[in-house]
Amino acid sequence: MAEKPLRPCRHAGCPELTRDGWCPKHKPRHQRRASADYHGWYMLPIWTKRLRPAQLLREPWCRECARVYPLDDPRHRTRATVVDHIVPHRGDWEKFIDPANHQSLCKRHHDQKTALEQLQRGEKVT
C-alpha cells in the first residue's frame, strides 16, 4: 500500500513537508473536550423536534429575566430562545432528556450561566 504524498505544513508560511498535515513544530496541542462526545445529542430528533420545542412552548419567556426584572419592566418578559439544562448533564442521557431539568432562557442569560459554570470548573471561558 502506498503512503500519502508529502505536503506542506498547514501552518501559513511553513515550508516543512509532512504526511500528517502539520509539522511537529506546528501540530495543534489542544485536545478534544469531553463535551465533544455528546455535543451531537443536540442534533438528534428527540431534542430538535420534541424536547426543545416542547420546553419553549411550555415556557416561552426567559426564566431569569422574569426573576431579575420587576413586573413593570418590559425586560421582565423577554422571549426565550435557548433551552438550558438546569443541572449540566455532562453526558448523562437521563439528565439530558429529563424535562424537569430544562429551563427556557434568553441567549444573554444562557451565555452568562455557561460562563459562570466554566469558571467554577476552572475551564477557559470561550
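For the structure itself, consult the block above.
All chains use their own residue numbering, which begins from 1 and follows the written sequence. Selection of residues for local features in this predicted model requires a pLDDT of at least 70, selection of side-chain atom pairs for listing and counting requires 80 or more, and totals for whole chains, interfaces and linings are taken over all residues. The basis for the side-chain values is all heavy atoms of the structure; hydrogens and waters are excluded.

Peer 1: Hey, could you run me through the nonpolar core in this one?
Peer 2: Nonpolar side chains in soluble globular proteins tend to end up buried together. If you look at the biggest cluster of nonpolar residues, it comprises 8 residues: Tyr 38, Trp 41, Trp 47, Leu 51, Leu 56, Ala 80, Val 83 and Phe 96. Each helix corresponds to a stretch of at least 4 residues labelled H or I by DSSP, and each strand to a stretch of at least 2 residues labelled E; elements are numbered beginning at the N terminus. Broken down by element, this core gets its largest block of residues, 3 residues, from helix 1 (residues 45-58). Dropping the residues within four chain positions of it, Phe 96 is found in contact with Trp 41, Tyr 42, Trp 47, Leu 51, His 85, His 89 and His 102. The definition of a nonpolar core used throughout is a set of buried Ala, Val, Leu, Ile, Met, Phe, Trp, Tyr and Cys residues joined through side-chain atoms within 4.5 Å. Per-residue accessibility, obtained with a 1.4 Å probe over protein chains only, is compared with the maximum for each type, and a residue is labelled buried under 20%, exposed over 50%, and partly exposed between these values. Counting residues in each nonpolar core, the second largest holds 5 residues, with Cys 62, Cys 65, Tyr 69 and Cys 106 among its members. For this analysis, residues touch if any pair of their heavy atoms sits within 4.5 Å.

Peer 1: Can you walk me through the packing of aromatic side chains in this structure?
Peer 2: The way to describe two aromatic rings as a pair is by their centre distance and the angle between their planes. Between rings of Phe, Tyr and Trp, where Trp is taken as its six-membered ring, a pair exists when centres lie within 6.5 Å; planes separated by under 30 degrees are stacked, by over 60 edge-to-face, and by other angles tilted. Per the counting criterion, the structure on display carries 7 aromatic pairs. Ring geometry for Trp 41 against Phe 96: centres 5.2 Å apart, planes inclined by 65 degrees, an arrangement best described as edge-to-face. Placement of Trp 41 in the loop between strand 2 (17-18) and helix 1 and of Phe 96 in helix 3 (residues 93-97) is noted, with a sequence separation of 55 residues between them. Note on accessibility: Trp 41 and Phe 96 belong to one class, buried. Taken together, a centroid distance of 5.1 Å and an interplanar angle of 35 degrees make the contact between Trp 47 and Phe 96 tilted. Taken together, the positions of Trp 47 in helix 1 and Phe 96 in helix 3 put the pair 49 residues apart, joining distant regions of the chain. Considered together, Trp 47 and Phe 96 belong to a single accessibility category, that of buried residues. Of the aromatic side chains, those joined through ring pairs into one cluster are Tyr 38, Trp 41, Tyr 42, Trp 47, Trp 93 and Phe 96. Sitting over the ring of Trp 61, Arg 79 keeps its end group 4.6 Å from the ring centre. Sitting over a ring, as applied to charges here, requires NZ of Lys or CZ of Arg to be within 6 Å of the ring centre and within 35 degrees of the ring normal.

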